[in-house]
Amino acid sequence: MAVKDKKDKKTYYITTPIYYPSGNMHIGHSYTTVAADAEARYRRLKGYDVMFLTGTDEHGQKIQRKAAEKGVTPKEYVDEIVANTKELWKLMNVSNDQFIRTTDDFHVKAVQKIFKTLYDKGDIYKSEYEGWYCTPCESFWTETQLVDGKCPDCGRAVERTREESYFFRLSKYQQPLIDFIESHPDFIQPVTRKNEMLNNFLRPGLEDLCVSRTSFDWGIPVTFDEKHVVYVWVDALSNYITALGYGSDDDSRFKKYWPAQVHLVGKEIVRFHTIIWPALLMALDLPLPEQVYGHGWLLIDGGKMSKSKGNVIDPRILCAKYGSDAIRYFLLREVPFGSDGVFTNEALIGRINADLANDLGNLVSRTVSMQLKYFNGVQSADKAFTDADTDIARLFSEIYDNVQTQMDALQFPTALVEIWRGVSRLNKFIDETAPWVLAKSAATDPEAKARLAGVMYTLLEGIRIISVLIEPFMPETPAKIRTQLGIIDRPELTGWETASQWGTYPDGTEVKKGDALFPRIDAEKELEELEKMNAAAKAAAASAAAGAGNAGNAEKAGACGDTANSAGEEDDANLITIDDFAKVQMNVAEVISAEKVEGSDKLLLLKLSLGDQQRQVVSGIAKQYSPEEMKGKKVILVSNLKPAVLKGIRSEGMILAASKGKKLVLVTVDGDIPAGAKIS
Ligand code: MSP
């Protein structure tokens, strides 16, 4: 299929991965999205017609299982998380043009079409899968690819699996992929990731890829063989083109925006984006994206963030405390883009205080205060410049060029370093020119007065330019600065290209005092508070792991992969200390009565006796146990679990069960013991 050449069109299509709705998003997830947003904003400011896509990757066995544990349908389960995800992006000022869900009808239909097209073409064929499978990474591995018998990506255990499946002829695209990557040096960035793909995966050889599953049904059905659902990575990767209408009646946006300029992804999913995705595109006769950029991870406590370790940092809390511009700045400034970096509360508060409150915030407030004090806030036309002002003008012109070079290469931290070169220079300029000294002579000396006006002009003009250059990173702060500069209603002074036009701030403009842009944080107090929050999150995670772990992890997935949070949500989740375990209180409980929960075929409402007290618990066991058979049973209750509301009913704890596939049995006691007995 021919796609119109877009060389002369200024379109810019940028994507984030579509997120796996596994719970609340943590700060690591915000990293990719905030970076993509900064780039999208920059390109818009530069006049590109930008298409910025994000969304959610909602199918797969893991979701199905989590939903079942909660006693809701997979769709109900994801709907709630997706709503939270959208809220978070709003809170963080993410300016995506579209939000795709893989449960969107248009996407489902287009994926079915893609699958059928590849089948008709002979690139997908039916066979049987036998091999190794890593559930958390949702990856298939051959014997030789395993490292010490474990998943080479995450080091976790893999399982031998066998299942009737459809296969994609990935092996056919091995050489074309190598050729493409070698002849397009920018396709995989940073370059280390390109070498890794070539040396570790492509050159050793590709095997055909299993692209359907039969052991669960929460996925896109294969239209011509309905017991199969499409492999989630084929489903998920296709979002980049289905979002544009590919495979629908109206593919005008696809023609306009495809191929993408960049897929921004975390390093662990570069392999899917630079091998499977381009091979699928080649099979569909479609052009490949210009670039896949694999950034590093934000690490915490020396490892990946993981909900089950309780070390995830909630971006909502940080945004509420310090404002989303500060958090965005930190994310994009702290770690060289492409490398891993460590998140610490100390570093966050340090950056906010040093770079934002001290450097930028003080520069603006000092400048505005001086302009008010010396010139009643109004820029005087009677101003004199020296070589120092010319040097600063030259520096800002250099900064403008450098910021563009860095942004063109997705080097956000270095772009910010450039901008802060300007901030520091202006602060130093205040110290060097000592306007308060000039002001003393200004009353009687017109030359000193003119020089003072020149100094103020250089400061205000520099700040105006900074307000333009920071806009991709910090969408809220520029307006605050411009209000203080008196140019909030003057868009002609704040467009991107005006940052290269030194001397644009008009004489006669009046500044206005405003609030501090970034109030200084009491570091000691804040760190203590953040530490307390982290400790509470860790304790909650430990008790959840102890209480829910058995039933939740009882079954490992079967063949051929399913959606997983490949950024390592669950790694070494099951290791807890005896102290962690001691936090979970469990007791024997006797079921006094049981009834079905109205409007749910999975939930039972159980009234339990603990001897000296009673509890009610809503439990997802209605498919396996009738209310009648529950009466009189002795079950194990996690009795210090925070109460939850399920289908409008308060549930005071959780009873333990073991499950495998659709089979589920209650955990009970081996012998007669009174209700209330402690489990230890
Ligand atoms: N659903 C897949 C992507 C399919 S794209 C066709 C997926 N989802 S995810 O929710 O697990 O991850 C989404 C993005 O968040 C990835 O780019 C991942 O690298 C990023 N991050 C998740 N945790 C992270 C950190 N701690 N640090 C930086 N980014 C990480 O993968």
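Calculation notes
- Residues numbered from 1 in each chain as written.
- Predicted model: local features only at pLDDT ≥ 70, side-chain atom pairs only at ≥ 80, totals over all residues.
- Heavy atoms only, no water.
- Salt bridge = Lys/Arg side-chain N within 4 Å of Asp/Glu carboxyl O.
- Helix = DSSP H or I, 4+ residues; strand = E, 2+ residues; numbered from the N terminus.
- Buried < 20%, exposed > 50% of the residue type's maximum accessible area, 1.4 Å probe, protein only.
- Axes fitted to C-alpha atoms, helices over the stretch in contact; angles between N-to-C directions.
- Parallel < 35°, antiparallel > 145°, perpendicular 65-115°, else oblique.
- Contact = heavy atoms within 4.5 Å.
- Nonpolar A, V, L, I, M, F, W, Y, C, P; charged D, E, K, R; others polar.
- Left-handed = near helix turned anticlockwise from the far one by under 90°.
- Phe/Tyr/Trp six-rings, centres within 6.5 Å; stacked < 30°, edge-to-face > 60°.
- Lys NZ or Arg CZ within 6 Å of the ring centre and 35° of its normal.

Participant: Before we move on, could you go through the pattern of salt bridges and cite the residues and values that matter?
Facilitator: Tallying each qualifying case throughout the model produces 45 salt bridges. K126 is the salt-bridge partner of D225, the closest N and O atoms lying 2.9 Å from each other. With a gap of 99 residues between them, D225 in the loop between β9 (212-213) and β10 (229-230) and K126 in strand β4 (residues 124-134) connect regions that are remote in the sequence. Since its relative accessible area comes to 12%, D225 is described here as buried. In this structure K126 comes out as partly exposed when scored by relative accessible area, which is 42%.

Participant: Account for the packing of helix α13 (residues 345-375) against helix α16 (residues 435-442), naming residues and giving values.
Facilitator: Close contact between α13 and α16 brings their axes to 11 Å; oriented N to C, the two are set at 5 degrees. Viewed along their axes, α13 and α16 adopt a mutual orientation that is roughly parallel. Contacts from R366, M370 and Y374 of α13 reach α16 at P435, W436 and A439. Considered class by class, the residues forming the contact of α13 with α16 number 5 nonpolar, no polar and 1 charged.

Participant: Before we move on, could you go through the side chain of E526 and cite the residues and values that matter?
Facilitator: Its location among the elements puts E526 in helix α19 (residues 523-553). In this structure E526 comes out as buried when scored by relative accessible area, which is 12%. Apart from residues no more than four positions distant in its own chain, E526 is found in contact with K321, Y322, I349 and I521.

Participant: Before we move on, can you summarise the packing of α13 against helix α17 (residues 446-469) with the specific residues and values?
Facilitator: Two numbers describe how α13 lies on α17: the axes approach to 10 Å, and their chain directions differ by 145 degrees. Of the two possible hands of crossing, α13 and α17 adopt the one that is left-handed. Touching L360, L363, V364, T367, M370, Q371, Y374 and F375 of α13 are K449, L452, A453, M456, L459, L460, I463 and I466, all from α17. Residues that form the contact of α13 with α17 fall into these classes: 13 nonpolar, 2 polar and 1 charged.

Participant: Residues and numbers for the packing of aromatic side chains, please.
Facilitator: If you walk through the whole model with that rule in mind, you get 29 aromatic pairs. Both rings, one in Y125 and one in F167, keep their centres 5.8 Å apart while their planes meet at 20 degrees; by these two values the pair is stacked. Of the two residues, Y125 sits in strand β4 while F167 sits in strand β6 (residues 159-168), which places them 42 residues apart along the sequence. Aromatic pair Y293 and F337: ring centres 5.3 Å apart, planes at 25 degrees, arrangement stacked. Of this pair, Y293 sits in strand β12 (residues 292-295) while F337 sits in the loop between α12 (324-334) and β15 (341-342), placing them 44 residues apart in sequence. With relative accessibility at 4%, the residue Y293 sits in the buried group. A relative accessible area of 6% places F337 in the buried class. Among the aromatic residues, those joined into a cluster by ring pairs are Y13, Y240, Y246, F254, Y257, W258 and W277. Its end group placed over the ring of Y48, R43 keeps NZ or CZ at 5.2 Å from the ring centre. Above the plane of the ring of Y457 lies K383, whose end atom (NZ or CZ) is 4.9 Å from the centre.

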